[in-house]
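Each chain, written out:
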Amino acid sequence: MTESAPTVALIDDDRNILASLSIALQAEGFVTRLYSDPEAALKALSENPADIAVCDIKMPRLDGIELLRRLREKSSMPFIFLTSKTDELDEALGLAMGADDYIAKPFSQRLLIARIKAILRRSDINRTERTADEPAPEILVRGRLEMDPARHMVKWDGKPVTLTVTEFLILEALAHRPGVVKNRNQLMDAAYQDDVYVDDRTIDSHIKRLRRKFREVDGEFNAIDTLYGAGYRFSEE
């Protein structure tokens, strides 16, 4: 982390969730700012952005999607959505608006903290391993795939593909060594650091989402292979 502790803005109309998350984050060394009123959050964060925001989608008067849309007019502050498992349309809209990741409720606090740390590691405010004079991570090119870790950008055939941090890390692990099979444990280690436990089906769900997103720009996308009983691999064409 940086010398000054990163600030996390928590936005949720459920005060119990705010209090619980705040305690967990402060125990990890973060500073928290709590907002149960999304309109108050919009005003405060427009004037003074946090290092990262965690926001519920379903809120009265001003939902998370609209809050993010208005914030994006003034700020590129990293943003994580909390969603229900049935909010795939909202997730897609949120990512299109510039959200960095989403986590479905009910969720593990450890998982959320791991996602916050992962996003901050990719942001300029939390980069301590590289000085201003050192080069950014190299762009990864594998056939028609192009990945830019420094900018968290992905392209397929030159067309942008919007991925969450988790999806990006899984794809990066697969594409780093084309043709090499990665089992679920290896992909979990790549995507979920800090000893966060997730079950095998979580990786399978992310792979399905990755394929779906790439097929939105290329209906014949088949670069991620499933090897039943072994894992997944990226096939460089």
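Every value quoted in this text rests on a predicted model; they were computed, and no experiment measured them. (Residues numbered from 1 in each chain as written. Predicted model: local features only at pLDDT ≥ 70, side-chain atom pairs only at ≥ 80, totals over all residues. Heavy atoms only, no water.)

Caption draft 1: Seen up close, the overall build of the protein. Of regular secondary structure, the protein possesses 8 helices and 11 strands. The buried share of the protein, reckoned over its 237 residues, is 46%. Total accessible area computed for the protein in this model is approximately 12200 Å², and 47% of it derives from carbon and sulfur atoms. (Helix = DSSP H or I, 4+ residues; strand = E, 2+ residues; numbered from the N terminus. Buried < 20%, exposed > 50% of the residue type's maximum accessible area, 1.4 Å probe, protein only. Areas by Shrake-Rupley, 256 points an atom, 1.4 Å probe, with all protein chains shown as cover.)

Caption draft 2: The arrangement of helix 5 (residues 109–121) in detail. Taking 1.5 Å as the rise per residue, helix 5 with 13 residues should run 18 Å; its terminal C-alpha atoms sit 18 Å apart, in good agreement. Counting buried residues along helix 5, 10 of its 13 residues qualify, which places the element largely inside the surrounding structure. The complete set of buried residues in helix 5 reads Leu111, Leu112, Ile113, Ala114, Arg115, Ile116, Lys117, Ala118, Ile119 and Leu120. Structurally, the start of helix 5 carries an N-cap: the backbone nitrogen of Arg110 is 3.1 Å from a side-chain oxygen of Ser108. (Expected span 1.5 Å × (residues − 1). Polar contact = N/O pair within 3.5 Å; in protein donor to acceptor, adjacent residues only side chain to side chain.)

Caption draft 3: Up close: the packing of helix 2 (residues 38–47) against helix 3 (residues 64–71). Packing of helix 2 against helix 3 leaves a shortest axis separation of 10 Å and a crossing angle of 20°. As the angle between them shows, helix 2 and helix 3 are arranged roughly parallel. For the element pair helix 2 and helix 3, the recorded crossing hand is right-handed. Facing Pro38, Leu42, Leu45 and Ser46 of helix 2, the residues of helix 3 in contact are Leu67, Arg70 and Leu71. For the contact of helix 2 with helix 3, the class distribution of residues is 5 nonpolar, 1 polar and 1 charged. (Axes fitted to C-alpha atoms, helices over the stretch in contact; angles between N-to-C directions. Parallel < 35°, antiparallel > 145°, perpendicular 65-115°, else oblique. Left-handed = near helix turned anticlockwise from the far one by under 90°. Contact = heavy atoms within 4.5 Å. Nonpolar A, V, L, I, M, F, W, Y, C, P; charged D, E, K, R; others polar.)

Caption draft 4: The packing of aromatic side chains, seen in detail. As enumerated under the stated definition, the model contains 4 aromatic pairs in all. Summarising the aromatic geometry, the rings of Phe79 and Phe81 are spaced 5.2 Å apart at their centres and angled 70° between planes, so their arrangement reads as edge-to-face. No difference in accessibility class separates Phe79 from Phe81, as the two residues are buried. Aromatic rings pair up to connect Trp156, Phe214 and Phe221 into one cluster. (Phe/Tyr/Trp six-rings, centres within 6.5 Å; stacked < 30°, edge-to-face > 60°.)

Geometry only, nothing functional implied.
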